[in-house]
Amino acid sequence: MSTALRAVRGMNDILPGESAHWARFEACVRAWLAAYGYREIRTPILEHTGLFQRAIGEVTDIVEKEMYTFIDELNGESLTLRPEGTASCVRAAIEHNLLFDGGKRLWYMGPMFRHERPQKGRYRQFHQVGVEAMGFAGPELDIEHLLMTARLWRELGLAEAIRLELNTLGAAEARARYRAKLIAYFEAHLDALDEDARRRLYSNPLRILDTKNPAMQTLVAEAPRLMDELDAPARAHFDAVCQGLADAGIPYRVNPRLVRGLDYYNDTVFEWVTDRLGAQGTVCAGGRYDTLVEQLGGRPAPACGFAMGVERLLALLAESAWVAEETPADAYIVHVGAAAARFALRVGERLRDAGLNVVLHGGGGSFKAQMKKADASRALYAVIIGDDEAAAGELSLKPLRQAGEQQRVGLERAAELLKASRSHPHPQP
Ligand code: HAM
């Protein structure tokens, strides 16, 4: 017995009806990135596992349990489907010496893979648009990233739906001091820790602050604050970022419990969140990672960036008035008979030479059945070719989306009329 073939759980097909939304979103994103001078980088979907282990951190959820990792049997190498894009960008920047003449503004778009429990807004293959600015110190780029994301939400009509949460993680030394304090605090309250928190107590205690467990909220709210450990430069950096947001009139909330699930961050971290998508409400997240380039073997270069979840943004857009219409074809060619079929191929090519979008009927069928298909295709015109027309080297043009007579014309005239109909809905013969 055959079992039906299905896509892998948590990995979605993007069907023709949805792909128009994706294409429109991608076009908006490209124009927005160009407005800030970012340039596209495309990296492989597979990388050596060690890259993600070193960049994201050994004791993170992603590296511990969410990576699609396998051994390449040909050479025994451990490879991983990329769970995010920052590590690959940094690897590529080092490998190709991209930062040799100064900072670079990069962006990427594409599928990422994490073996999480699938639910609405959380998938095993999902898509990110990511931005990385490498080789820039100081708060300007952090502010640029927050301003540019705020602009994108405005352009997409989502400004009301998404709010900004901001925090600073300071430098490594302050975090180490804080870590020790936090462990001592939680050790004093061992009974109140759930299993997850106990597991993380010594490996990644900051992540305990991120707990969703209602029973632990008071404990976490009363925990020592990293903000109190910050040294002067980190405090100044954070103040400047807050000032930049205030100057631009972008509201934000400082969330001292925002710690992020990847280890490479320092100083600014942020998340754009919505209440409209249930549990998976973070649509965009990022921050500064000043030590990652050096940690992965490059010359030290400060950097910051962010990535947004395309599925989550499209889900938000689907609730709003944002609709992407597919552009219908200019013409659908209906042809009955062997001579007509040969001529129809020529007609199609000639009309496309003239810059028109043309669908050629395939699979035979009666004239009536083909006209039904023409109508269902939403094309603006039917181009009708029978043996008669083929013999005369002509065709009949019938408007499908507006009133009007069918007219018989030559090929050149047909191309003119179809082109004119794009700007003038009622072409004259
Ligand atoms: P992240 O927070 O792991 O950060 O992911 C960024 C965004 O990707 C999330 O806010 C969410 O919208 C989306 N996302 C993550 N996992 C899933 C999933 N399983 N299903 C659907 N959407 C998901 C990063 O990946 C960092 N590389 C961001 C960054 C860039 N930081 C600096 N530069």
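Scoring rules and cut-offs
- Residues numbered from 1 in each chain as written.
- Predicted model: local features only at pLDDT ≥ 70, side-chain atom pairs only at ≥ 80, totals over all residues.
- Heavy atoms only, no water.
- Near = heavy atom within 4 Å.
- Polar contact = N/O pair within 3.5 Å; in protein donor to acceptor, adjacent residues only side chain to side chain.
- Areas by Shrake-Rupley, 256 points an atom, 1.4 Å probe, with all protein chains shown as cover.
- Helix = DSSP H or I, 4+ residues; strand = E, 2+ residues; numbered from the N terminus.
- Buried < 20%, exposed > 50% of the residue type's maximum accessible area, 1.4 Å probe, protein only.
- Arc of directions from axis to C-beta.
- Contact = heavy atoms within 4.5 Å.
- Pairing = 2+ DSSP bridges.
- Axes fitted to C-alpha atoms, helices over the stretch in contact; angles between N-to-C directions.
- Domains from an automatic or database assignment.
- Disulfide = S-S within 2.5 Å.
- Phe/Tyr/Trp six-rings, centres within 6.5 Å; stacked < 30°, edge-to-face > 60°.
- Lys NZ or Arg CZ within 6 Å of the ring centre and 35° of its normal.
- Parallel < 35°, antiparallel > 145°, perpendicular 65-115°, else oblique.
- Nonpolar A, V, L, I, M, F, W, Y, C, P; charged D, E, K, R; others polar.

Colleague: For the site of the ligand, give the residues involved together with the corresponding values.
Modeller: Close contacts around the ligand come from 25 residues, with E84, E116, E132, Y265 and T282 the closest. A distance of 2.6 Å separates a nitrogen atom of the ligand from a polar atom in the side chain of Y265. In isolation the ligand has 650 Å² of accessible area, and contact with the protein removes 96% of it. Breaking the shell around the ligand down by element, the ones donating at least two residues are β6 (125-134), β10 (282-288) and β11 (303-309). For the shell around the ligand, the element with the highest residue contribution is β10, accounting for five residues.

Colleague: Before we move on, can you summarise helix α13 (residues 367-376) with the specific residues and values?
Modeller: Along α13, the residues that are buried comprise Q370, M371 and A374. Take α13 and look down its axis: the buried residues cluster within an arc of 100°, on one side only. More than 90 degrees from the buried face of α13, the exposed residues found are K368, K372, K373 and A376. Structurally, α13 contributes buried residues whose contacts are with β12 (331-335), β14 (381-385) and β15 (394-399). Two residues or fewer past α13, R378 is found with a positive phi of approximately 70°.

Colleague: Mind laying out the sheet that holds strand β7 (residues 163-168), listing which residues take part and the relevant values?
Modeller: Pairing is mixed across the open sheet formed by eight strands, whose spatial order is β1-β5-β6-β11-β10-β9-β7-β8. Only two strands of the sheet have a single neighbouring strand rather than two, namely β1 (39-40) and β8 (253-254). Across 10 bridges, the pairing between strand β5 (residues 104-113) and β6 is antiparallel. For P111, the partnering residue across the bridge sits in β6 and is H127. Helix-sheet contacts for helix α5 (residues 140-155) involve β5, β6, β7, β9 (266-273), β10 and β11, and the interaxial angle to β11 is about 20°.

Colleague: Give a detailed account of the domain arrangement of the protein chain, specifying residues and quantitative values.
Modeller: What the domain assignment lists for the protein chain is domain 1 (16-171 + 231-319) and domain 2 (331-421). Taken over C-alpha atoms, the centre of domain 1 sits 49 Å from the centre of domain 2.

Colleague: Outline the state of the cysteines, listing residues and values.
Modeller: Tallying each qualifying case throughout the model produces zero disulfides. With no disulfide of its own, C89 lies closest to C304 among cysteine sulfurs, the gap being 13 Å. The class for C89 is buried, based on a relative accessible area of 1%.

Colleague: Hey, could you go over the packing of aromatic side chains for me, with residue numbers and the actual values?
Modeller: Scanning the entire structure with this criterion turns up six aromatic pairs. Ring centres 6.3 Å apart and planes at 55° place the aromatic pair F270 and F306 in the tilted group. Residue F270 is located in strand β9, and its partner F306 is located in strand β11; the two are separated by 36 residues in the primary sequence. This pair shows no difference in class: F270 is buried, exactly as F306 is. Site record: aromatic cluster; members linked through ring pairs are W32, F270 and F306. Geometry around F136 places R105 over its ring, the cationic atom sitting 5.0 Å from the centre.

Colleague: Mind laying out the pairing of strand β4 (residues 77-81), listing which residues take part and the relevant values?
Modeller: Here strand β2 (residues 46-48) pairs with β4 via three bridges, running antiparallel. By the bridge assignment for β4, H48 is matched with L79. By the bridge criterion, four bridges tie strand β3 (residues 69-72) to β4 in an arrangement that is antiparallel. Across the sheet, the residue bridging to I71 is S78, located in β4.

Colleague: A description of the packing of helix α1 (residues 16-35) against helix α11 (residues 310-319) should follow, citing residues and the corresponding values.
Modeller: Following both chains from N to C, one finds α1 and α11 inclined at 105°, their axes separated by 11 Å at the closest point. As the angle between them shows, α1 and α11 are arranged roughly perpendicular. Contacts between α1 and α11 involve H21, W22 and F25 from the former and V310, E311, L313, L314 and L317 from the latter. In terms of residue class, the contact of α1 with α11 is made up of six nonpolar, one polar and one charged.

Colleague: Quick one: what's the story with the side chain of T86, residue by residue and with numbers?
Modeller: Summarising the element assignment, T86 is placed in helix α4 (residues 86-95). The class for T86 is buried, based on a relative accessible area of 6%. Engagement of the side chain of T86 in a polar contact is seen with the side chain of Y264, the distance being 3.1 Å. If we ignore the near neighbours within four places in the chain, the residues touching T86 are Y108, E132, Y264, Y289 and L292.

Colleague: Lay out the pairing of β11 in plain terms, naming residues and giving numbers.
Modeller: In terms of burial, β11 is a largely internal element, seven of the seven residues being buried. Neither face of β11 is left uncovered, since the one carrying A303, G305, A307 and G309 and the one carrying C304, F306 and M308 both have all their residues buried. Where β6 and β11 come together, seven bridges link them in antiparallel fashion. Across the sheet, Q128 pairs through a bridge with G309, a residue of β11. Two elements, β10 and β11, share five bridges in a ladder whose sense is antiparallel. Note on β11: the bridge partner recorded for G287 is G305.

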